[in-house]
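Spelled out from the first residue to the last, the chains are:
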Amino acid sequence: MDKMYLVKKLYQAFVTIILVLIINFFLFRVMPGNPLSMIMRNPNASADAIAKVKQLFGIDQPIYVQLWIYFKQLVQGDLGLSFMYKQPVIDVIAEKLIPTLLLVGVSTIIAIIAGVLIGIFAASRQGKKVDAFSLAFSLITYSMPTFWLGIMLIIFFSSTLNLFPTSGMVTAGKVFGNSLDHAIDVSKHLVLPALTLSLVLIGQFVLIMRNSLLEVLTEDYITTAKAKGFSEKLIMKRHALPNAMLPMVTIIAINLGFMIAGAIQIETVFSWPGLGRLMYEALNNRDYPLLQGIFLIVSVCVVLANLCADIIYGYLDPRINKKT
């Protein structure tokens, strides 16, 4: 890969993150509502008490001073103090990050494998019943509201069949004898949320993979490869799939970035203790430091995911290095 291409992409990612930090700071300070109403629940609090609370959370300073403190703390790995939890934001987020990564990771892996395979299978049988069924399945799952699909799965698999738990990450109050029992319990709670998210993603991945592969199969170099007598399997493996995967790399990277906190509806429906639910609670309580921390992590994940996509692009298609 061309070094200048890599340096340019790294520079663009760095500048983007700096702009995100600035926007992230000002975004929550123009929101309606008074954060003090969340911090000071006592309406009869004295002026001295209010002043001390403002000083504790750093909201007694001018806006430019707050911005300077914000950047200074970020360098030190300090994201501030949560209004709602009265704990460091980094600790609150760290506690909720693992459940979200587990949910998003499992769902994405399932969706990528199933979406790519079904997309390839449908494209190789264009116009047949299998292709039509794949398209119908993809369009239906992709267009389903996430919260509705989650509720339907709860009604069918939990209320009717009584196969899986309806909410939470572990059974409340249950004492586990060993790590295996704990892992099995978490897995049972994970099935429905992961299935909900996977079904929505699979539909999107199938449509993109199928259409991308069909477009590639009409290119001149595919026709040339067929004229040279190469087998269909070899043409698909060496020529068609690497080029058809380019749009998939983009959509997978974007989804990975946004899904870190994009599973708000799923985590709310299933009471899954992750970042999405935490963001919802922080928004309702106007917890600015916590919202800033969550949005910072999400934004950095999106930027890094797109950076990874650009780098993978460079390996899959060397022509991109020359164009940029």
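Residues numbered from 1 in each chain as written. Predicted model: local features only at pLDDT ≥ 70, side-chain atom pairs only at ≥ 80, totals over all residues. Heavy atoms only, no water.

### So, the overall build of the chain
Rules: Runs of H or I in DSSP of at least four residues are treated as helices and runs of E of at least two as strands, each being numbered from the N terminus. Accessibility here uses a 1.4 Å probe with only protein chains present; expressed as a share of the type maximum, an area under 20% marks a residue as buried, one over 50% as exposed, and anything in between as partly exposed. We call two residues contacting when some pair of their heavy atoms lies within 4.5 Å. Computed by Shrake-Rupley with a 1.4 Å probe, the accessible areas treat only the displayed protein chains as cover when residues are assessed.
The helix and strand inventory of the chain stands at 14 helices and zero strands. Listed by position from the N terminus, the elements making up the chain come as α-α-α-α-α-α-α-α-α-α-α-α-α-α. Considering the chain as a whole, with its 324 residues, one finds that 39% of them fall into the buried category. Nonlocal contacts in the chain, meaning residues at least 24 apart in sequence, comprise 75% of its contacts between residues at least 6 apart. By element, 66% of the accessible surface of the chain is carried by carbon and sulfur atoms, the whole surface being about 17900 Å².

### Concerning the nonpolar core
Stated formally: Only buried residues count toward a nonpolar core, which is a set of Ala, Val, Leu, Ile, Met, Phe, Trp, Tyr and Cys residues joined through side-chain atoms within 4.5 Å.
The biggest cluster of nonpolar side chains holds 36 residues, and the ones touching the most others in it are Leu103, Phe205, Leu213, Ala240, Met248 and Ile266. Every element with two or more residues in this core is listed here: α5 (89-124), α7 (146-160), α8 (179-216), α9 (220-227) and α10 (232-262). It is α8 that contributes the most residues to this core, 15 residues altogether. When neighbours within four sequence positions are excluded, Met248 is seen to be in contact with Val116, Phe205, Ile208 and Met209.

### Observations regarding the confidence of the model for the chain
The cut-off we apply is this: What pLDDT expresses is the predictor's confidence in each residue, scored from 0 to 100.
Here the chain shows a mean pLDDT of 80. Residues at 70 or above account for 85%. Put simply, helix α2 (residues 36-39) is where the chain has its lowest mean pLDDT, 57, and α7 is where it has its highest, 89.

### A word on the packing of aromatic side chains
Spelled out, the test is: Only rings of Phe, Tyr and Trp enter the pairing, Trp through its six-membered ring, and a pair is recorded when the two centres are within 6.5 Å. The plane angle decides the type: under 30 degrees is stacked, over 60 is edge-to-face, the rest tilted.
This model, assessed by the stated rule, comprises two aromatic pairs. Among the aromatic residues, ring-to-ring pairing joins Phe156, Phe157 and Phe164 into one connected group.

### Some points on the environment of Leu278
Mapped onto the secondary structure, Leu278 falls in helix α12 (residues 275-284). Linking Leu278 and Thr268, residues 10 residues apart in sequence, is a C-alpha distance of 9.4 Å. For Leu278, the contacting residues outside a window of four places in its chain are Tyr85, Val92, Ile93, Lys96, Leu290 and Ile294.

### Examining the pattern of salt bridges
Pairs can form between side chains of opposite charge whenever their charged atoms are close. Condition: By definition, a salt bridge exists where a carboxyl oxygen of Asp or Glu is found within 4 Å of a side-chain nitrogen of Lys or Arg.
Taken as a whole and assessed by the stated rule, the structure comprises two salt bridges. Here Glu281 ties to Arg277 by a salt bridge, and the two come within 3.7 Å at their closest N and O atoms. Here Glu281 pairs with Arg277, and both are found in helix α12, just four residues apart, close to one helical turn. The exposure class assigned to Arg277 is partly exposed, which follows from its relative accessible area of 26%.

### Some thoughts on the packing of helix α1 (residues 3-27) against helix α4 (residues 63-75)
Put simply, the rule reads: As a rule, the C-alpha atoms of each element are fitted with a line to give its axis, helices using only the stretch in contact, and angles between N-to-C directions run from 0 to 180 degrees. With respect to orientation, any angle under 35 degrees is reported as roughly parallel, any angle over 145 as roughly antiparallel, any angle of 65 to 115 as roughly perpendicular, and every other angle as oblique. It is the rotation of the near helix from the far one that decides the hand of a crossing: anticlockwise by less than a right angle makes it left-handed, clockwise makes it right-handed. Three residue categories are used. Nonpolar comprises Ala, Val, Leu, Ile, Met, Phe, Trp, Tyr, Cys and Pro, charged comprises Asp, Glu, Lys and Arg, and polar comprises the others, including Gly.
Two elements in contact, α1 and α4, have axes separated by 11 Å at closest approach and are oriented at 130°. It follows from the interaxial angle that α1 and α4 lie oblique. Crossing angle aside, the handedness with which α1 passes α4 is right-handed. Note on element contacts: α4 touches α1 through Ile63, Gln66, Leu67, Tyr70, Phe71 and Leu74, opposite Leu21, Ile22, Asn24, Phe25 and Phe26. In terms of residue class, the contact of α1 with α4 is built from nine nonpolar, two polar and no charged.

### Section: α12
Cut-off, in case you're wondering: Arc definition: it is the arc formed by the directions from the helix axis to the C-beta atoms.
Within α12, burial applies to Leu275, Gly276, Leu278, Met279 and Ala282. Seen along its axis, α12 keeps its buried residues to an arc of 160°; they face one direction. Once α12 finishes, Arg286 follows within two positions and takes phi at roughly 50°, a positive value.

### Digging into unusual backbone geometry
In this structure, Asn162 takes a positive phi of about 55° despite not being glycine. Relative to the helices and strands, Asn162 is located in the loop between α7 and α8.

### Digging into a nonpolar patch on the surface
Just so we agree on the cut-off: In this scheme, patches are assembled from residues that exceed 30% relative accessible area and form no salt bridge. Like charges are connected within 9 Å, while nonpolar side chains (Val, Leu, Ile, Met, Phe, Trp, Tyr) are connected within 5 Å.
Nonpolar side chains collect at one region of the surface, where Tyr11, Phe14, Val15, Ile18, Leu19, Ile22, Ile23, Phe26, Leu27, Ile63 and Tyr64 lie side by side and expose about 1100 Å² of accessible area between them. Checked against the element boundaries, Ile23 lands in helix α1.

### Notes on the side chain of Ser134
Relative to the elements of secondary structure, Ser134 occurs in helix α6 (residues 129-143). Note on Ser134: relative accessible area 6%, which makes it buried. Beyond its immediate chain neighbours, meaning those up to four positions away, Ser134 contacts Ile118, Ala122 and Val206.

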